[in-house]
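# A structural walkthrough
One-letter residues, chain by chain:
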Amino acid sequence: MIESSFDTTYSLFVGGSLGKERKTPTVSVMGADSGPGAPAAVPWRKVLYERQPFPDNYVDRRFLEELRRNIRVRQYRYWPVVRETGLIAQQVSCVAIFLTLWSYMEQGDLVPSTVLWVCLGCALLGYGLYEILGAPCVWERTRLADLQSATIFLAFTFGFSPVLKTLTESVSTDTVYAMSAMMLLAHLVSFPYAQPSPPGSLSLNAALFASVCLASRLPGALHTFTMLSCALLVFALWPCLLHRMREKVEWSFPWAAVLVCLAGVGGLGSLWPEGALLLSLALLTLTLVCPLLLVHLQRHKDNIHGPWDEAEIREDLSRFLN
């Protein structure tokens, strides 16, 4: 009786006062995911420089509240896209026109002097149109600078034409044609379609390199000079005029692109009808099918933005750059 009473008192004493002293306090650390009635939550912050009582891979439900979809996606319309693809189509046609001129000169069907006079007339007409569409306050300075540049180019090209004619004599003709094809393809790929005035250095250099390779297979030095002059007119001066027309007379750009495409297809058709058919199909696919595909696939675009993106500095830091 006495022993049972002593055991009961001892167990109550140990489970009561001593048990409270031995019990380890537990701290409930919760973030935004804790439910109502929970203890005070420790807010979770998306920082790496501060130690937090959360696992390294922990995120709360506020993390996805900042999810945004397609916030900077540009919606395209079909006909404006078709209009913009006209720049690519006309550039492909320019390459076809250049190859047509080279083929006729190689076969002897075109006299170099005649081609030079035609190029000179086209250059003067295009330059006059470029000046009319430009700003009149810089006419005198621009004319003098352009005249000097044209004189220097023509003088150096005419003087080095015999050297350029024999530049690739030791290279096989198949290799020259392969290099020309690769350079013309590089010209089309690297051409600055968004801002084609002035042409990018890579695209223009690739086109001129292809012109030198093809001109070295022509009969004489005058043919080489004529071919390089045509290359400058087609690949350098025409894109500048076309860009000015797009800026000043917007309605004229589609008509100019259509005329260039027709000239490219017609010139190629006079030499190779099957090639003209392939070029026509390529231009139609480029200007009609590809924009339709772009507009159709636009609805499936799904770009997500959220707190996992890289940090953006929104403060004006221009004072540190001075």
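Residues numbered from 1 in each chain as written. Predicted model: local features only at pLDDT ≥ 70, side-chain atom pairs only at ≥ 80, totals over all residues. Heavy atoms only, no water.

### Re the pattern of salt bridges
One pass over the full model with this rule turns up four salt bridges. When the shortest N-O distance is used, the salt bridge between arginine 69 and aspartate 302 registers 3.0 Å. Of this pair, arginine 69 sits in strand β1 (residues 68-69) while aspartate 302 sits in the loop between α9 (273-298) and β2 (304-305); the two residues are 233 residues apart in sequence, bridging distant segments of the chain. Arginine 69 gets classed as partly exposed once you look at its relative accessible area, which sits at 48%. A cluster of three or more residues bridged by salt bridges with shared partners is formed by Arg83, Glu84, Arg246 and Glu250. (Salt bridge = Lys/Arg side-chain N within 4 Å of Asp/Glu carboxyl O. Helix = DSSP H or I, 4+ residues; strand = E, 2+ residues; numbered from the N terminus. Buried < 20%, exposed > 50% of the residue type's maximum accessible area, 1.4 Å probe, protein only.)

### Some points on the nonpolar core
Within the largest apolar cluster, 34 residues are counted, with the highest numbers of intra-cluster contacts made by Phe98, Leu218, Met227, Phe235, Trp238 and Leu242. Elements represented by at least two residues in this core include exactly α2 (78-107), α3 (112-133), α5 (173-190), α6 (201-215), α7 (221-248) and α8 (252-271). In terms of residues, this core owes the most to one element, α7, which gives 11 residues. Filtering out sequence-adjacent residues up to four positions away, leucine 242 remains in contact with Leu87, Gln90, Phe253 and Ala256. Formed by eight residues, the second largest nonpolar core is a distinct cluster that contains Val265, Leu268, Leu279 and Leu283. (Core = buried A, V, L, I, M, F, W, Y, C linked by side-chain atoms within 4.5 Å. Contact = heavy atoms within 4.5 Å.)

### Quick look at the environment of alanine 207
Among the structural elements, alanine 207 can be located in helix α6. Linking alanine 207 and histidine 187, residues 20 residues apart in sequence, is a C-alpha distance of 5.7 Å. The contacts of alanine 207, once residues within four sequence positions are left out, are His187 and Phe235.

### Digging into the side chain of threonine 287
Looking at where threonine 287 falls in the secondary structure, it is placed in helix α9. When its relative accessible area of 14% is taken as the criterion, threonine 287 is described as buried. At 2.7 Å, the side chain of threonine 287 forms a polar contact with the backbone oxygen of leucine 283. Those residues in contact with threonine 287 that lie beyond four places of it in its chain are Val82, Thr85 and Ala89. (Polar contact = N/O pair within 3.5 Å; in protein donor to acceptor, adjacent residues only side chain to side chain.)

### Digging into the packing of α2 against α7
Running from N to C, α2 and α7 point in directions that differ by 165°, and their axes come no closer than 11 Å. The orientation of α2 with respect to α7, classified from their angle, is roughly antiparallel. Viewed along their axes, α2 and α7 form a crossing whose handedness is right-handed. For the pair α2 and α7, contact is made by Glu84, Leu87, Gln90, Gln91, Cys94, Val95, Phe98, Leu101, Trp102 and Met105 and by His223, Thr226, Met227, Cys230, Ala231, Val234, Phe235, Trp238, Pro239, Leu242 and Arg246, respectively. The residue inventory of the contact of α2 with α7, partitioned by class, reads 15 nonpolar, four polar and two charged. (Axes fitted to C-alpha atoms, helices over the stretch in contact; angles between N-to-C directions. Parallel < 35°, antiparallel > 145°, perpendicular 65-115°, else oblique. Left-handed = near helix turned anticlockwise from the far one by under 90°. Nonpolar A, V, L, I, M, F, W, Y, C, P; charged D, E, K, R; others polar.)

### Details of the packing of aromatic side chains
Applying the stated criterion across every chain yields a total of seven aromatic pairs. Pairing phenylalanine 156 with phenylalanine 160 gives two aromatic rings, centres 6.2 Å apart and planes at 10°, and the pair type is stacked. Highlighted residues: phenylalanine 156 and phenylalanine 160, both in helix α4 (residues 139-165), separated by four residues, approximately one helical turn. When its relative accessible area of 52% is taken as the criterion, phenylalanine 156 is described as exposed. Exposure remark for phenylalanine 160: the relative accessible area of 45% places this residue in the partly exposed category. On the basis of an interplanar angle of 85° and a centroid distance of 5.4 Å, the ring pair of phenylalanine 158 and phenylalanine 225 is categorised as edge-to-face. Placement of the pair is phenylalanine 158 in helix α4 and phenylalanine 225 in helix α7, with a sequence separation of 67 residues. Its relative accessible area of 9% is what places phenylalanine 225 among the buried residues. (Phe/Tyr/Trp six-rings, centres within 6.5 Å; stacked < 30°, edge-to-face > 60°.)

### A word on α9
The end-to-end C-alpha distance of α9, which contains 26 residues, comes to 37 Å, matching closely the 38 Å that a straight helix rising 1.5 Å per residue would cover. A bend of about 35° at threonine 285 is the largest found in α9. Along α9, the residues classified as buried are Gly275, Ala276, Leu279, Leu283, Thr287, Pro291 and Gln298. Packed against the buried residues of α9 are α2 and α8. (Expected span 1.5 Å × (residues − 1). Bend = angle between axes of the 7 residues up to and from the residue.)

### Thoughts on α8
In this model α8 runs 29 Å from its N-terminal to its C-terminal C-alpha over 20 residues, within 8% of the 28 Å that 1.5 Å per residue would give. Ser252, Phe253, Ala256, Ala257, Val260, Cys261, Gly264, Val265, Gly267 and Leu268 are the residues of α8 that are buried. Tucked inside the fold, the buried residues of α8 contact α2, α7 and α9.

### What about the UniProt feature "transmembrane region" (unreviewed entry) in the protein chain?
Under the UniProt annotation, the feature "transmembrane region" (unreviewed entry) is placed at residues 81-102, 114-133, 176-194, 224-241, 253-272 and 278-297. In residues 278-297, helix accounts for 100% and strand for 0%; the two terminal C-alpha atoms are 26 Å from one another. (UniProt positions renumbered as here; feature names shortened; annotations may be inferred.)

### Some words on a nonpolar patch on the surface
A cluster of nonpolar side chains, contributed by Trp79, Leu271, Trp272, Leu277, Leu278, Leu281, Leu284, Leu288 and Val289, occupies part of the molecular surface with about 920 Å² of accessible area. At six residues, α9 tops the list of elements feeding residues into the nonpolar patch. The residue leucine 278 is located in helix α9 in this model. The exposure class assigned to leucine 278 is exposed, which follows from its relative accessible area of 53%. (Patch = residues over 30% accessible without salt bridge, like charges linked within 9 Å, V, L, I, M, F, W, Y side chains within 5 Å. Areas by Shrake-Rupley, 256 points an atom, 1.4 Å probe, with all protein chains shown as cover.)

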